[in-house]
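The chain contents come next:
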Amino acid sequence: MAEKVLVVGSGGREHALAWKLAQSPHVQQVLVAPGNAGTAKCGKIRNSEVSVSNHSILAQYCKDHHVGLVVVGPEVPLAADIVTDLTGADVPCFGPVAEAAKLESSKSFAKAFMERHNIPTARYGSFTNPEDACRFIRMADFPALVVKASGLAAGKGVIVARDQDEACQAVMDIMKHRITKDCRTGTRGQTPAVSKELLQVIRETVLQKTVDGMRKEGVHYVGVLYAGMMLTKQGPKVLEFNCRFGDPECQVLMPLLKSDLYEVIWNILDGKLQSHPPEWHQDSSAVTVVMASNGYPGSYKKGVEITGLSQVEDMGLQVFHAGTALKEGGGLVSSGGRVLTVTAVRSSLEVALEAANQGVAAVGFPGAVYRRDIGHHAIAFLKEPRGLTYKDSGVDIAAGNRLVDMIKPLAKATSRTGCTADLGGFAGLFDLKAAGFVDPILVSGTDGVGTKLKRVHYCSCGEHQSHGGLGQDLVAMCVNDVLAHGAEPLFFLDYFSCGSLDVEMAATVVGGIAKACEMAGCALLGGETAEMPGVYLLGEYDLAGFCVGAVERGSSLPRLRDITEGDVLIGVASSGIHSNGFSLVRQVLQQKHISYSSPAPFGKPGQTVGDVLLTPTKIYSRLLLPILRSGAVKAYAHITGGGLLENIPRVLPPELAVDLDASRWTIPPVFSWLHQEGNISEEEMARTFNCGLGAVLVVSPPDAPRVLEQLQAQEDAWIVGSLSQKQPGAEPVVVRNLRQSLTNAGLKSGAAEKNGGCHGTNLQALIEQTKSPFSAAQIVVVISNRPSVQGLKRASLAGIPTRVVDHKLYGSRAEFDSTIDGVLEEFGVELVCLAGFMRILTPNFVKKWNGKLLNIHPSLLPSFKGVNAQRQALQAGVRISGCTVHFVAEEVDAGAIIVQEAVPVLRGDTEDTLSDRIKGAEHRAYPEAVELVSSGSVRLGEDGRIIWDSKRS
């Protein structure tokens, strides 16, 4: 069901917000409190007389009127902590809490905050005594001529004085006489010289630092952050912060916003803005001209009649109201200082300006005042002839230099004996003698991170820390290869290539590389950043790594002559998938219609699929080097691309074969899930993945206990097999008990995870399933008998129509079912899925929809019908339970079965733990059953039995 949204405020900004929100298919109605004449009655938009200053009354109003979201326009309610009060009453509210809004409500707080977090701003002094302030003005070693009132002043609390006397008079006016002046209408100008490079500087040095600073001080900033900037010779500096959309800035932003504002706001509230950034109309420019009352900002006349607005809108322009009111009997009059804005969106700034001015001229508003120079400086700047630069081609040298400055200390921290890891030279130097080598052989390795890099780009949880994890993957893949020759990793170099350099992102990746180098004991000696416009998509990049190590002559691995039949294989645990096999992983996820943001059916509670799959690759150098140098290890195989079957033979004599027993080591649940859900054979699993072993060592039987003990002191490790003489025609590697071990890993996962990865609902599982282009089903409507339930919101956010048929409004079950039936026919429904629908349907309804009505039950029917199925299963002492998707029949839980999925009942299970794991199974079984029925593979026969279409199934 589409939601109602309440916008708090009465100005042009609030009209623009309401106008944009009303365009969303998720929004049923926009209420504006108190609003103005423009929001009084306009399509979906209506005014509300509810008090916005009494937050308790406002919260109850929202609940009574089913308002699902409140958007706060002006600063005063934010300073009064409307956000905390409404969210505390379970009313979602968009905007920062009062503690965060102090960036605007208290100028002294903002200045001190910027000073604490090294955010560029002008020097200042903060005073409560006017004499002290004047003394500061006259004695400061800089021109202290800007006077600001610390609190909220509705844009009227700033005076830019010409000299010290005027500045002191401003102090007296503000602090003694409480006189403020409006500096907005007459001084609002343009900043045409703000380049993409400068915007990036502002983002890094101001906006990101502000959000990070808030987080460090324990405040989570959610909402709009608007920084007023001054461009100086020392770079951009902050004048002030606004903690909401500016006015009239909002009136040019909203028409340029391509995305659904309602969705943007919810992505912010849900913490998904990083993966769902707003989109803007490209190749368009917007200009807004403010029309104010004659005499403003001083005294002015109200009630002046305004005409011609329909003519303006016929010109393809948008009028946003501010100080307007409807007069009795019809007609529009002025009611404030700033009355309305005329906004034009056109292909260029010059054309937009001309159109906006034509619109202003068409408005009948006697005595109106407005600026006639809006946009002129910007247009003049854009017309200035400028020669081409390297930056014009898409290569930003300044950004590259900023990146080097950011990563220099990161590289410096990896310095080790033999080098200082100082970046900036043409090449890096390493002193082998200083590192203690006598007669070394150099060992080099290079690698990338493959498809895993692409998955991080697409992963909805792909915030910067995930990109930092790729840095560890890159180092691990190279270091672990060098280690296979017994070499100590000495130094590392990276190659980072992109289409357009995102300094922050690149610094995060290189930061992950540097941290991994410290883990590996090698220095980050250098690297290359290549910006290649047109080669990569926006936001994408590629990585390559290069590691050089050294081993004393005579100590390198593998020692092929020493390896013999009967030698023991010791496996060292991996952290999961590592960095190989992601192309196959992607195919499984696509086949099962699971995204990286979905709850992980194979991880710890609360983990997403992305969290588990993108776990960084383990680095084994510090663990293994002492053991390799002891001489007890004859060979070490890094289990990388090619899995168990391809990598172990690379370090063995050709006449020997490998005998592995998968029951001897712990296989992570993710491999079990891939095996089962992807229907991947055991051989393919062993050839593609590490299956839980990141490294395999070859040792003689007498040395095995000591080596195993050393490993197990720091890491999980097992004796996993042995070497034998290879028989003619036999495979070089045999992995016994792999199928059973993979199955057991899945069962252990269910026992270990309290919730079994069952976050979400059956409705959400069906929504995710039908999003796939391969799905045979489409959800056309979601019906609930209860308003304001979460399922309706899920459907609305997915763009699915919703209906509420409240059973309490009907006198009989038959009348209720008849209304449901009418809605189903309205939308042309062909299949009905019951998901959390707890009403018993009438026999007539079930008969009409026979063979088209599905339900899911939390047991393996026909066992444990009815309610409390989990309790019945536990009381009966069964060892297997599960879920069943079936056609609905007149008898409860008695219809023909379509899909069942078993869930083991574990020792110590409670109703809650068993129920949680069954829910996870439901989220897989229900979409599968819907696909079978929708595709025609399964249908209900006239005798009430299932009929399978072998051609389709």
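Bear in mind that the values here come from a model prediction, so they are computed numbers and not experimental data. (Residues numbered from 1 in each chain as written. Predicted model: local features only at pLDDT ≥ 70, side-chain atom pairs only at ≥ 80, totals over all residues. Heavy atoms only, no water.)

Colleague: Go over the UniProt feature "domain: ATP-grasp" (unreviewed entry) in the chain, please, and point to the residues and values.
Modeller: Sequence positions flagged by UniProt for "domain: ATP-grasp" (unreviewed entry) are, in local numbering, residues 111-166 and 219-270. Helix makes up 33% of residues 219-270 and strand 29%, and the two end C-alpha atoms of the span are 16 Å apart. (UniProt positions renumbered as here; feature names shortened; annotations may be inferred. Helix = DSSP H or I, 4+ residues; strand = E, 2+ residues; numbered from the N terminus.)

Colleague: Which residues make up the pattern of salt bridges, and what values go with them?
Modeller: If the charged atoms of two oppositely charged side chains come close together, the side chains can form a pair. Applying the stated criterion to the full structure yields 36 salt bridges. With a shortest N-O distance of 3.1 Å, Asp212 and Arg215 are connected by a salt bridge. On the criterion of helical spacing, the pair formed by Asp212 and Arg215 is a turn pair, its members being three residues apart in helix 9 (residues 196-216). On the accessibility criterion, Asp212 (27% relative accessible area) is partly exposed. Under the relative-accessibility criterion, Arg215 is labelled partly exposed at 48%. Across the salt bridge formed by Glu677 and Lys592, the nearest N and O atoms sit 3.4 Å from each other. Here Glu677 is found in helix 23 (residues 669-677), whereas its partner Lys592 is found in helix 19 (residues 582-592), with 85 residues between them in sequence. Of the residues examined, Glu677 reaches a relative accessible area of 19% and is grouped as buried. Residue class for Lys592 comes out partly exposed when judged on its relative accessible area of 32%. Shared partners join several salt bridges into a network, and the residues in it are Asp659, Asp661, Arg664 and Arg736. (Salt bridge = Lys/Arg side-chain N within 4 Å of Asp/Glu carboxyl O. Buried < 20%, exposed > 50% of the residue type's maximum accessible area, 1.4 Å probe, protein only.)

Colleague: Please provide a residue-by-residue account of the nonpolar core, values included.
Modeller: Formed by 86 residues in total, the largest nonpolar core has its most connected members in Val475, Phe492, Tyr541, Leu613, Leu660, Trp665 and Val735. Among the elements that take part in this core, helix 18 (residues 503-520) stands out by supplying 11 residues, more than any other. Residue assignment places this core across two domains, with domain 4 (397-552) and domain 5 (566-749) each supplying three or more. Within the second largest apolar cluster, 37 residues are counted, among which are Val50, Ile82, Leu86 and Val91. (Core = buried A, V, L, I, M, F, W, Y, C linked by side-chain atoms within 4.5 Å. Domains from an automatic or database assignment.)

Colleague: Tell me about the domain arrangement of the chain, and name the residues and values.
Modeller: How big an interface is tends to be stated in terms of the accessible area lost upon association of its parts. Once the domains are mapped, the chain shows domain 1 (3-95), domain 2 (101-243), domain 3 (285-382), domain 4 (397-552), domain 5 (566-749) and domain 6 (762-948). Taking only C-alpha atoms, the centre of domain 1 and the centre of domain 4 are 50 Å apart.

Colleague: Let's hear about the sheet that holds strand 26 (residues 733-736): which residues, and what values?
Modeller: Pairing is mixed across the open sheet formed by six strands, whose spatial order is 22-24-21-25-23-26. Among the strands making up the open sheet, the edge pair consists of strand 22 (633-638) and strand 26. Neighbour-to-neighbour, the strand axes of the sheet open up by a mean angle of 25 degrees, direction not taken into account. Of the pairings in the sheet, the one linking strand 21 (residues 568-573) to strand 24 (residues 693-699) comprises six bridges and is antiparallel in character. Looking at the pairing, Gly571 lines up with Val696 of strand 24. (Pairing = 2+ DSSP bridges. Axes fitted to C-alpha atoms, helices over the stretch in contact; angles between N-to-C directions.)

Colleague: I'd like to hear about the confidence of the model for the chain, residue by residue, with values.
Modeller: Predicted coordinates in areas of low pLDDT are best not read in detail. Summarising the model, the chain shows a mean pLDDT of 87, and 93% of its residues fall at 70 or more. Segment residues 747-759 is flagged for pLDDT under 50; beyond a separation of four residues in sequence, or across chains, it makes 33 contacts in the model. (pLDDT = per-residue confidence, 0-100. Contact = heavy atoms within 4.5 Å.)

Colleague: Got a sec to walk through the sheet that holds strand 2 (residues 27-34)? Specific residues and values, please.
Modeller: Spatial ordering of the open sheet is given by 3-4-2-1-5-6, a layout of six strands whose pairing is mixed. Strands with a single pairing partner mark the edges of an open sheet, and in this sheet they are strand 3 (41-42) and strand 6 (93-94). On the sheet, helix 1 (residues 12-21) packs against strand 1 (3-9), strand 2, strand 4 (45-47) and strand 5 (67-72) and is oriented at approximately 170 degrees with respect to strand 1.

Colleague: Could you give me a rundown of empty space enclosed by the protein, with the residues and numbers involved?
Modeller: Applying the stated criterion to the full structure yields two cavities of 30 Å³ or more. What lines the largest cavity is Leu17, Val71, Val72, Leu78, Phe94, Gly95, Pro96, Gly223, Val224, Cys243, Arg244 and Phe245. Among the residues making up the lining of the largest cavity, the classes are represented as nine nonpolar, two polar and one charged. In this structure, the second largest cavity encloses a volume near 30 Å³. Surrounding the second largest cavity, Lys107, Ala110, Lys111, Met114, Lys148, Leu239 and Glu240 form its lining. (1 Å grid on protein atoms, 1.4 Å probe; cavity = no way out; pocket = protein on both sides within 12 Å on 5 of 7 lines; lining within 4 Å. Points joined across faces, edges and corners; volume = space filled by probe spheres on them. Nonpolar A, V, L, I, M, F, W, Y, C, P; charged D, E, K, R; others polar.)

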